[in-house]
Amino acid sequence: MDKELARREFMREVGNQPFAGPLTFFRQKTGDGTGADVALLGVPFDMGTSNRPGARFGPRAVREQSVHACMSEAFPWHWFRQRKLVDCGDTWYFSGDLDQALGRIEEDARAIRSRGARLLAVGGDHTVTLPLLAGLEGVALIQLDSHDDLGDPFHKPYHGSFLNRAIAAGRVDPTRSVLVGRRTPPSAPSDILVLEADWLDEHGPLAAAERIRERVGDHAAYLTFDIDFLDPAYAPGTGTPVPGGPTTAQARRLLKALRGINLVSADLVEISPPYDGPGQITALAGAFVLAWLLELVDPSCGRYTPAR
Ligand SMILES: [Mn+2]
């Protein structure tokens, strides 16, 4: 292949034209997760939303904005050429069938994990974290969220009760778990360490990361990033926005400071594109959060230095 052709091939691969071409997460190839280091899965589900719906459009919107995270050679995504990342598409279910949807999400999560890939999922409302935890036992949950999601477990599953159910099912160990960013009333007592949004504002993202590290240690951890963790000024396109939260920059510092924790899986939830602002700022923030999560979920990522 001559040099010019090789250059064009590379540019096509990394998505040099963010406005053109088919959409996958970070322009990566599609697959079922076999042979992949990290598998990305879209979960277009919003039947569990208590307020503004629309999170079913989240995975597509994040795919669209993710092209900005890999559009130039200057961006540190050379990593993508060393590690295998695949887009596993979206969980399929018959629209309107809650039980089938939860079952299918769980099947997809189990299948991807059985193929040896680390699962990184994009919702969907927060209900999806419960089935996404399938196959994991007693993980330390790191939840970045303006709500505690410990709501009434006696109704059908919805986005405000995923955590109660995950603890009851033994998938999450509350004594190793941390919630950061809450600025709504507690729903129920629990053993989870809560770093309120006011605490985060006062002490900053690096102190929060330190508390998380102390709490989680070397234990297998799962990080769930509810986009409503961010202040609605930075992420208006979400189901239940709550002002008084951190900036995207603070979220970035927090996530970068968690490098080295034993993160076995993660998700990004609650992006509702119909409520997004000009420039699709919520989905754009989400795409970059996803990229930062990718660095945490794949432990080799931070150690790779581009050869140039
Ligand atoms: Mn939530």
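Further up the page is the structure itself.
Residues numbered from 1 in each chain as written. Predicted model: local features only at pLDDT ≥ 70, side-chain atom pairs only at ≥ 80, totals over all residues. Heavy atoms only, no water.

**A closer look at the overall build of the protein chain**
Part 1 of the reasoning: Looking only at helices and strands, one finds ten helices and eight strands in the protein chain.
Part 2 of the reasoning: For the protein chain, the proportion of its 308 residues judged to be buried stands at 54%.
Part 3 of the reasoning: Considering only intrachain contacts with a sequence separation of at least 6, the fraction spanning at least 24 residues in the protein chain is 76%.
Part 4 of the reasoning: With the model as given, the accessible surface of the protein chain reaches about 13400 Å², and the carbon-plus-sulfur share is 52%. (Helix = DSSP H or I, 4+ residues; strand = E, 2+ residues; numbered from the N terminus. Buried < 20%, exposed > 50% of the residue type's maximum accessible area, 1.4 Å probe, protein only. Contact = heavy atoms within 4.5 Å. Areas by Shrake-Rupley, 256 points an atom, 1.4 Å probe, with all protein chains shown as cover.)

**Considerations on the coordination of the manganese ion**
Part 1 of the reasoning: The coordination sphere of the manganese ion contains the protein donors His126 (ND1), Asp145 (OD), Asp149 (OD) and Asp226 (OD), at a distance range of 2.1 to 2.2 Å.
Part 2 of the reasoning: Read N to C, the donor residues that coordinate the manganese ion are spaced as H-x18-D-x3-D-x76-D. Taken together, the positions of histidine 126 in the loop between strand 3 (118-123) and helix 5 (129-132) and aspartate 226 in strand 7 (residues 221-226) put the pair 100 residues apart, joining distant regions of the chain.
Part 3 of the reasoning: Relative accessible area serves as the criterion here: at 0%, histidine 126 is assigned to the buried category. (Donors = N, O, S within 2.8 Å, 3.2 Å for Na, K, Ca; no water.)

**Overview of the pairing of strand 8 (residues 263-269)**
Side-chain positions along a regular strand alternate between the two faces of the sheet.
Part 1 of the reasoning: Among the seven residues in strand 8, six count as buried, and that is most of the element.
Part 2 of the reasoning: Relative to strand 8, strand 3 runs parallel, the two sharing four bridges. Residue pairing for strand 8: leucine 119 is matched across the bridge by serine 265.
Part 3 of the reasoning: Of the strand pairs in this sheet, strand 7 and strand 8 are connected by six bridges, and their pairing is parallel. Along strand 8, the bridge assignment pairs tyrosine 222 with serine 265.
Part 4 of the reasoning: In terms of handedness, the path from strand 7 via helix 9 (residues 248-256) over to strand 8 forms a crossover that is right-handed. (Pairing = 2+ DSSP bridges. Right-handed = clockwise from strand over helix to strand, strands pointing away.)

**Some points on the pattern of salt bridges**
Oppositely charged side chains can pair when the atoms bearing their charge come close.
Part 1 of the reasoning: All chains considered together, the criterion is met by 15 salt bridges.
Part 2 of the reasoning: Across the pair arginine 83 and aspartate 37 runs a salt bridge whose closest N-O atoms are separated by 3.1 Å. With arginine 83 in the loop between helix 3 (79-82) and strand 2 (85-90) and aspartate 37 in the loop between helix 1 (3-14) and strand 1 (38-43), the pair connects residues that are 46 residues apart, well separated along the chain.
Part 3 of the reasoning: Relative accessible area serves as the criterion here: at 27%, arginine 83 is assigned to the partly exposed category.
Part 4 of the reasoning: On the accessibility criterion, aspartate 37 (24% relative accessible area) is partly exposed.
Part 5 of the reasoning: In this structure, aspartate 99 engages lysine 156 in a salt bridge whose closest nitrogen and oxygen atoms are separated by 3.3 Å. (Salt bridge = Lys/Arg side-chain N within 4 Å of Asp/Glu carboxyl O.)

**What to know about empty space enclosed by the protein**
Over the atoms, a rolling probe the size of a water molecule traces out where space has been left empty.
Part 1 of the reasoning: Considering all chains together, one arrives at one cavity of 30 Å³ or more under this definition.
Part 2 of the reasoning: When its volume is computed, the largest cavity comes out at roughly 40 Å³.
Part 3 of the reasoning: Forming the walls of the largest cavity are Leu255, Lys256, Arg259, Trp292, Glu295 and Leu296.
Part 4 of the reasoning: Within the residue set of the lining of the largest cavity, elements represented by two or more residues are helix 9 and helix 10 (281-297).
Part 5 of the reasoning: Among the elements that line the lining of the largest cavity, the one with the most residues is helix 10, at three residues.
Part 6 of the reasoning: Here the lining of the largest cavity is built from residues that sort into three nonpolar, no polar and three charged. (1 Å grid on protein atoms, 1.4 Å probe; cavity = no way out; pocket = protein on both sides within 12 Å on 5 of 7 lines; lining within 4 Å. Points joined across faces, edges and corners; volume = space filled by probe spheres on them. Nonpolar A, V, L, I, M, F, W, Y, C, P; charged D, E, K, R; others polar.)

**Here's the deal with unusual backbone geometry**
Part 1 of the reasoning: Note the cis peptide between glycine 123 and glycine 124, where omega equals 15°.
Part 2 of the reasoning: Phi at glutamate 270 takes a positive value of approximately 75°, unusual for a residue other than glycine.
Part 3 of the reasoning: Structurally, glutamate 270 is set in the loop between strand 8 and helix 10.
Part 4 of the reasoning: Judged by relative accessible area, glutamate 270 falls into the buried class, the value being 2%.

**Let's talk about the environment of lysine 256**
Part 1 of the reasoning: The topology assignment puts lysine 256 in helix 9.
Part 2 of the reasoning: By relative accessible area, which is 31% here, lysine 256 ends up partly exposed.
Part 3 of the reasoning: The spatial distance from the C-alpha of lysine 256 to the C-alpha of leucine 293 is 8.8 Å, given a sequence separation of 37 residues.

**Things to note about the sheet that holds strand 5 (residues 178-182)**
Part 1 of the reasoning: Read across the open sheet, the eight strands follow the order 2-1-3-8-7-4-5-6; overall the sheet is parallel. Edge positions in the sheet fall to strand 2 and strand 6 (193-196), since each has one partner strand and no second. Between one strand axis and the next, the sheet turns through 15° on average, direction left out of account.
Part 2 of the reasoning: Strand direction decides the pairing type here: strand 1 and strand 2, joined by four bridges, are parallel. Along strand 2, the bridge assignment pairs alanine 39 with valine 86.
Part 3 of the reasoning: Docked against the sheet, helix 4 (residues 98-114) engages strand 1, strand 2, strand 3, strand 7 and strand 8, running at close to 175° with respect to strand 1.
Part 4 of the reasoning: Sitting on the sheet, helix 10 touches strand 1, strand 2, strand 3, strand 7 and strand 8, and the angle it makes with strand 8 is about 175°. (Axes fitted to C-alpha atoms, helices over the stretch in contact; angles between N-to-C directions.)

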